[in-house]
Amino acid sequence: MSTTTSLDVPNRQIRAAHSDSTITVYQAYSPALGGPAARDGRFPPAWKRERMTWIKPSFLWMMYRCGWASKAGQETVLAIDITRSGFDEALRGACLSHWKPGVHADREAWQQSLRATSARVQWDPERDLHLKPLPYRSLQLGLSGPASRAYADEWTVAIRDVTPLAREIRSLLRTGDEAAARALLPAETPYPAGPLPHLGA
């Protein structure tokens, strides 16, 4: 039995479901967009490839963001399997979305880095099963321009609709069956990204 506690988890660490070649990230959309994406296994032409899109390796952070698939425009939760090579490429070239002393020499250096990349990172509090904040952080990766287009048309391997899973877990929590709800959570383990000093990790 694992005895890992929140004290054992690094403050900034990527945790995800991943295989040797892919990593699973989550996004939530309206049924009009999410439905066709899951059906066809690719993002439809209506998916705006030029705008910033945020992908999240944490299932529970996605649940926090979309309210268990209940928020308007976020009723369809997608699990997107993308290539690790694409994800790693984005991480290597990414910049923190906010200036952090010690990571960049000064604000000007951070702003220059931000302008030079099409990928940015935020570290937000991870969430527990009840969507309360935990004392360590979860990665959000924002992609725009070339990175967004590559994500949609090159990196994406498969798209699955996990809305039924989200609703089932929420239903179990409402009836007080926390053990059953927890058993349904996707298994997320530390992702071997290595040190990421340019992202404060």
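Here the structure is shown first, and the text comes after it.
Here is what the cut-offs are and how they apply
Residues numbered from 1 in each chain as written. Predicted model: local features only at pLDDT ≥ 70, side-chain atom pairs only at ≥ 80, totals over all residues. Heavy atoms only, no water. Pairing = 2+ DSSP bridges. Helix = DSSP H or I, 4+ residues; strand = E, 2+ residues; numbered from the N terminus. Axes fitted to C-alpha atoms, helices over the stretch in contact; angles between N-to-C directions. Contact = heavy atoms within 4.5 Å. Core = buried A, V, L, I, M, F, W, Y, C linked by side-chain atoms within 4.5 Å. Buried < 20%, exposed > 50% of the residue type's maximum accessible area, 1.4 Å probe, protein only. Polar contact = N/O pair within 3.5 Å; in protein donor to acceptor, adjacent residues only side chain to side chain.

Draft legend 1. Structural context of the sheet that holds strand β4 (residues 76–83). Pairing within the open sheet is antiparallel, and its three strands lie in the order β2-β4-β8. Only two strands of the sheet have a single partner each, and these edge strands are β2 (22–29) and β8 (156–161). Here the average twist between neighbouring strands, direction ignored, is 25 degrees. Two strands pair when backbone bridges link them, and β4 and β8 are joined in this way by five bridges, in the antiparallel orientation. Each residue of the ladder has a partner; that of Ile 80, found in β8, is Ile 159. The sheet contacts of helix α3 (residues 84–93) involve β2 and β4, and relative to β4 the element is tilted by about 90 degrees.

Draft legend 2. The arrangement of the nonpolar core in detail. Core analysis: the largest hydrophobic core is formed by 33 residues, its most contacted members being Phe 43, Ile 82, Phe 87, Val 121, Leu 141, Leu 143 and Tyr 151. Those elements that provide at least two residues to this core are β2, α1 (31–40), β4, α3, β6 (119–127), β7 (133–143) and α5 (145–155). Top contributing element to this core by residue count: α5, with five residues. Excluding anything up to four places from it in sequence, Phe 43 contacts Gln 27, Tyr 29, Ala 37, Arg 49, Leu 78, Ile 80, Tyr 151, Ala 152, Thr 156 and Ile 159. Listed in part, the 20 residues of the second largest apolar core include Met 62, Ala 69, Ala 79 and Leu 129.

Draft legend 3. A look at the pairing of β4. Across the eight residues that make up β4, a large majority, eight, are buried. Note that β2 and β4 share eight bridges and pair antiparallel. By the bridge assignment, Thr 22 is partnered in β4 with Thr 83.

Draft legend 4. A look at the environment of Asp 177. Within the element layout of this structure, Asp 177 appears in the loop between α6 (163–174) and α7 (178–183). The class of Asp 177 is partly exposed, set by a relative accessible area of 35%. Polar contacts involving the side chain of Asp 177 include one to the main-chain amide nitrogen of Ala 180, which spans 3.2 Å.

Draft legend 5. Representation of the sheet that holds β6. Here we have four strands laid out as an open sheet, ordered β3-β7-β6-β5, and mixed in their pairing. Here the strands that pair on one side only, and so sit at the sheet edges, are β3 (53–55) and β5 (95–96). Across two bridges, β5 lies against β6 in parallel orientation. Within the sheet, the bridge partner assigned to Leu 96 lies in β6 and is Val 121. With respect to the sheet, helix α2 (residues 59–66) is in contact with β6 and β7, its orientation differing from that of β6 by roughly 90 degrees. Along the sheet face, α3 touches β5, β6 and β7 and points at about 100 degrees away from the line of β7.

Draft legend 6. Region of the structure containing the environment of Pro 45. By the secondary structure assignment, Pro 45 is in the loop between α1 and β3. When the C-alpha positions of Pro 45 and Leu 33 are compared, they lie 9.6 Å apart, and in sequence the two are 12 residues distant.

Draft legend 7. Representation of the pairing of β6 in the model. Relative to β7, β6 runs antiparallel, the two sharing eight bridges. Bridge pairing links Arg 120 to Gly 142 in β7. Connecting the antiparallel pair β6 and β7 is a turn made up of five residues, with Leu 131 showing a positive phi of about 65 degrees.

These figures capture arrangement, not role.
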